[in-house]
Structures are given as C-alpha cells and as structure tokens.
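For reference, the chains in residue letters:
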Amino acid sequence: MKDCIFCKIANGEIPSATLYEDEKFRVILDLGPATRGHALILPKAHYENLYELPDELAGEAMVLGKKVITEMKKILNCDGYNVVQNNGEAAGQTVFHFHMHLIPRMDGDKAGISWTPGTLTPEDKEEILSKFSLK
Ligand code: AMP
Ligand code: ZN
C-alpha cells in the first residue's frame, strides 16, 4: 500500500535491520525497542490488523514468531518473552500494517508490559458468556 512505512520496509524499499526474510514475511529489529532484541514480524502484504489478516498468514506469523524467539533466546539468554500484537489506536497500535512484537524479557527489567488486574464481576461474566457465540 502506498505511503505505508511497513509495506516499504517489508518489501525492502526502506532498509531495515533484517533478522529474517522469506517470500511472505520480513522480521526486523524494532527501532524503538522496549528491550534489547525487540523484533517485529511484518507480512509483506498489507493488512491493517489481525481482523483483516487471512487465517493462513496468522498461523504462519505465530509459527515464525516461535522460531525467531527460539533463536533469539540462545543469543540473549533472556528469562522470558512477550508476544504482543496491537489492534487499533485504543490498543496502542501506531503503525496500521499488521505486525507482531517479540519482546525479550530479563528478570527485573523495566519494560512495563503489564496491567492492573480488575475483577470479573458476576454481571460481566453473565452478560459476556450469554452473548458470546463462536461459530
Ligand atoms: P505498534 O505501536 O504496535 O503499532 O508498534 C509500532 C512499532 O513500530 C513501535 O514499536 C515502533 O518502535 C516501531 N517502528 C516504527 N517505525 C519503525 C521503523 N521505521 N523501523 C523499525 N521499527 C519501527
Ligand atoms: Zn502496509
């Protein structure tokens, strides 16, 4: 897509710190990493978010993420990993080309990927369970 920075990076029009590339994906180091080794999986085709991503590519992105993490863990010797994927401005998405964050974690790091747990109220539980119906 014209004027999409991740389309340009994924397709090699803009240089990037590329860890891996195949016909469908490019994996790059994030320019503003949450932690050392923070990587992004970018499909070469433009899909704005997970809702639009075809099922096959969604599955492949996760499998690729697993491979990248497995290799990166050997290099960084990290203690944990976050896989983060933001959809929509409200969820923190800033680049509207689907991408998956792979964020290495070290014990005691200050990456701050967390939330304050609320409470599952009986009303929410009842309403959501009664309305939710996966086909
Ligand atoms: P999100 O907030 O989920 O949309 O994530 C966008 C991510 O893209 C952020 O972590 C940015 O640091 C990263 N980013 C933005 N522009 C570039 C770029 N040109 N090269 C590498 N990473 C980028
Ligand atoms: Zn794009």
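Attention here is on the structure that accompanies the text.

## Considering the overall build of the protein
Then, number 1: When you go through the protein residue by residue, the secondary structure sums to 3 helices and 5 strands.
Then, number 2: Across the protein, helices and strands are ordered from the amino to the carboxyl terminus as α-β-β-β-α-β-β-α.
Then, number 3: Within the protein, residue pairs in contact and separated by at least 24 positions form 53% of the contacts whose partners lie at least 6 positions apart.
Then, number 4: Carbon and sulfur atoms make up 56% of the accessible area of the protein, which totals about 9,200 Å².
Then, number 5: Of the charged side chains in the protein, 15 are positive and 20 negative, and the gap between their average positions amounts to 5 Å.

## A short note on the nonpolar core
Then, number 1: The biggest cluster of nonpolar side chains holds 13 residues, and the ones touching the most others in it are Phe25, Val27, Ile41, Ala61, Leu64, Met100 and Leu102.
Then, number 2: With 5 residues, the single largest contributor to this core is helix H2 (residues 55-76).
Then, number 3: Apart from residues no more than four positions distant in its own chain, Ile41 is found in contact with Phe25, Arg26, Val27, Ala61, Leu64, Gly65, Phe98, His99, Met100 and Leu102.
Then, number 4: The next biggest cluster of nonpolar side chains, apart from the first, holds 9 residues, and it includes Phe6, Ile9, Ala10 and Ile28.

## Some points on the coordination of the zinc ion (ligand 2)
Then, number 1: Of the protein atoms, only Cys4 (SG), Cys7 (SG), His46 (ND1) and His97 (ND1) coordinate the zinc ion (ligand 2), at distances of 2.0 to 2.3 Å.
Then, number 2: One way to put it: the 4 donor atoms around the zinc ion (ligand 2) meet at angles of 107 to 116°, and that makes the site tetrahedral.
Then, number 3: Considered as a linear motif, the donors of the zinc ion (ligand 2) on their single chain read C-x2-C-x38-H-x50-H.
Then, number 4: By relative accessible area, Cys7 is classed as buried at 5%.

## Let's talk about the environment of Lys73
Then, number 1: With respect to the helices, strands and loops of the structure, Lys73 is situated in helix H2.
Then, number 2: On the basis of relative accessible area, Lys73 is assigned to the partly exposed category, the value being 40%.
Then, number 3: Sequence separation between Lys73 and Lys135 is 62 residues, and the spatial gap between their C-alpha atoms is 37 Å.
Then, number 4: In this structure, Lys73 is in contact with Cys78 and Tyr81, ignoring residues within four places of it in sequence.

## Regarding the pattern of salt bridges
Then, number 1: By the definition in use, this model includes 8 salt bridges.
Then, number 2: Of the charged contacts in the structure, one is a salt bridge between Glu71 and Lys74, with a shortest N-O distance of 3.3 Å. You can see Glu71 and its partner Lys74 sitting in helix H2, 3 residues apart, about one turn around the helix.
Then, number 3: On the accessibility criterion, Lys74 (64% relative accessible area) is exposed.
Then, number 4: Here Asp109 ties to Arg105 by a salt bridge, and the two come within 2.7 Å at their closest N and O atoms.

Basis of the calculations
Residues numbered from 1 in each chain as written. Chains lettered and ligands numbered in written order. Predicted model: local features only at pLDDT ≥ 70, side-chain atom pairs only at ≥ 80, totals over all residues. Heavy atoms only, no water. Helix = DSSP H or I, 4+ residues; strand = E, 2+ residues; numbered from the N terminus. Contact = heavy atoms within 4.5 Å. Areas by Shrake-Rupley, 256 points an atom, 1.4 Å probe, with all protein chains shown as cover. Lys, Arg positive; Asp, Glu negative; His and termini not counted. Charge placed at Lys NZ, Arg CZ, Asp CG, Glu CD. Core = buried A, V, L, I, M, F, W, Y, C linked by side-chain atoms within 4.5 Å. Buried < 20%, exposed > 50% of the residue type's maximum accessible area, 1.4 Å probe, protein only. Donors = N, O, S within 2.8 Å, 3.2 Å for Na, K, Ca; no water. Tetrahedral: all angles 85-135°; square planar, octahedral: opposite > 155°, others 65-115°. Salt bridge = Lys/Arg side-chain N within 4 Å of Asp/Glu carboxyl O.

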